[in-house]
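An overview of the molecular structure
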Amino acid sequence: MSKNLEIELKLDIGPAFRGQLRDLLSNDPGRDDRLKASYFDTPDLAVHRAGYSLRIRNESGQRIQTVKTEGGAHAGLFARAEWEQVVEQKQPSRETIGAPLAEKLDHALLDSLQQVFVTDVRRTTRLIEQGDM
């Protein structure tokens, strides 16, 4: 399972300004993706209480399991550690979760993981170049 640091900026833009934002980013046509994800926790929300989230998302024809820390957020900017790996199954298992979440929960809790909600999101990704970058 690979560890990364995710830095994400979330913007809340009203419908009246979306066109202006698209015009600003028009140098890159972007890529639209549909991301369906299932989030898992124990019946008593032990994953959440430990400061993590656990999901399996269908992405580019693969199932990607992701464990994230809650991390910090300030003015829409999020920074948190995440661990991702490709998995075959639709349900996380004790064998695929790995550190650090597996170290926080005992085997009985890991065996009680269940789907708690599903998201279905359309994401548009655009590359923004600045200066000589």
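The structure contained in this document is the topic of the report that follows. (Residues numbered from 1 in each chain as written. Predicted model: local features only at pLDDT ≥ 70, side-chain atom pairs only at ≥ 80, totals over all residues. Heavy atoms only, no water.)

**Thoughts on the overall build of the protein**
Counting its regular elements, the protein contains five helices and seven strands. Along the protein, from the amino end to the carboxyl end, the secondary structure elements read β-α-β-α-β-β-β-β-α-α-α-β. By the burial criterion, 28% of the 133 residues in the protein qualify as buried. Excluding contacts between residues fewer than 6 apart, the proportion of contacts in the protein whose partners are at least 24 apart in sequence is 59%. For the protein, the accessible area works out to roughly 9,100 Å², and carbon and sulfur atoms hold 50% of it. (Helix = DSSP H or I, 4+ residues; strand = E, 2+ residues; numbered from the N terminus. Buried < 20%, exposed > 50% of the residue type's maximum accessible area, 1.4 Å probe, protein only. Contact = heavy atoms within 4.5 Å. Areas by Shrake-Rupley, 256 points an atom, 1.4 Å probe, with all protein chains shown as cover.)

**Describing the nonpolar core**
In this structure, Val47, Leu54, Val67, Ile97 and Leu101 are the most contacted members of the largest nonpolar core, which totals 15 residues. Of all the secondary structure elements, the ones that give two or more residues to this core are helix H2 (46-49), strand S3 (52-59) and strand S6 (77-87). (Core = buried A, V, L, I, M, F, W, Y, C linked by side-chain atoms within 4.5 Å.)

**Brief notes about the pattern of salt bridges**
Side chains that differ in sign of charge can pair as their charged atoms come close. Scanning all chains against the criterion turns up five salt bridges. Between Asp33 and Arg31 there is a salt bridge, with its nearest N and O atoms 2.9 Å apart. Take Asp33: its relative accessible area is 19%, and that puts it in the buried class. The shortest N-O distance in the salt bridge between Lys68 and Glu82 comes to 3.8 Å. Within this pair, whereas Lys68 is found in strand S4 (residues 62-69), its partner Glu82 is found in strand S6, the two being separated by 14 residues in sequence. There is no split in this pair, since Lys68 and Glu82 are both buried. (Salt bridge = Lys/Arg side-chain N within 4 Å of Asp/Glu carboxyl O.)

**A closer look at the layout of surface pockets**
Empty space left among the atoms is revealed by rolling a probe the size of a water molecule over them. Its boundaries defined by the atoms lining it, the second largest pocket holds a volume of some 160 Å³. The set of elements that each furnish at least two residues to the lining of the second largest pocket consists of strand S2 (31-41), S3 and strand S7 (114-125). Taken together, the residues of the lining of the second largest pocket sort by class into three nonpolar, three polar and four charged. (1 Å grid on protein atoms, 1.4 Å probe; cavity = no way out; pocket = protein on both sides within 12 Å on 5 of 7 lines; lining within 4 Å. Points joined across faces, edges and corners; volume = space filled by probe spheres on them. Nonpolar A, V, L, I, M, F, W, Y, C, P; charged D, E, K, R; others polar.)

**Some words on the environment of Thr125**
Relative to the elements of secondary structure, Thr125 occurs in strand S7. For the pair Thr125 and Pro29, spaced 96 residues apart in the sequence, the C-alpha separation amounts to 9.0 Å. Residues within four places of Thr125 in sequence aside, it is in contact with Gly30, Arg31 and Asp33.

**Thoughts on the environment of Asn58**
With respect to the element layout, Asn58 can be found in strand S3. Beyond its immediate sequence surroundings of up to four residues, Asn58 is in contact with Arg34, Leu35, Lys36 and Arg63.

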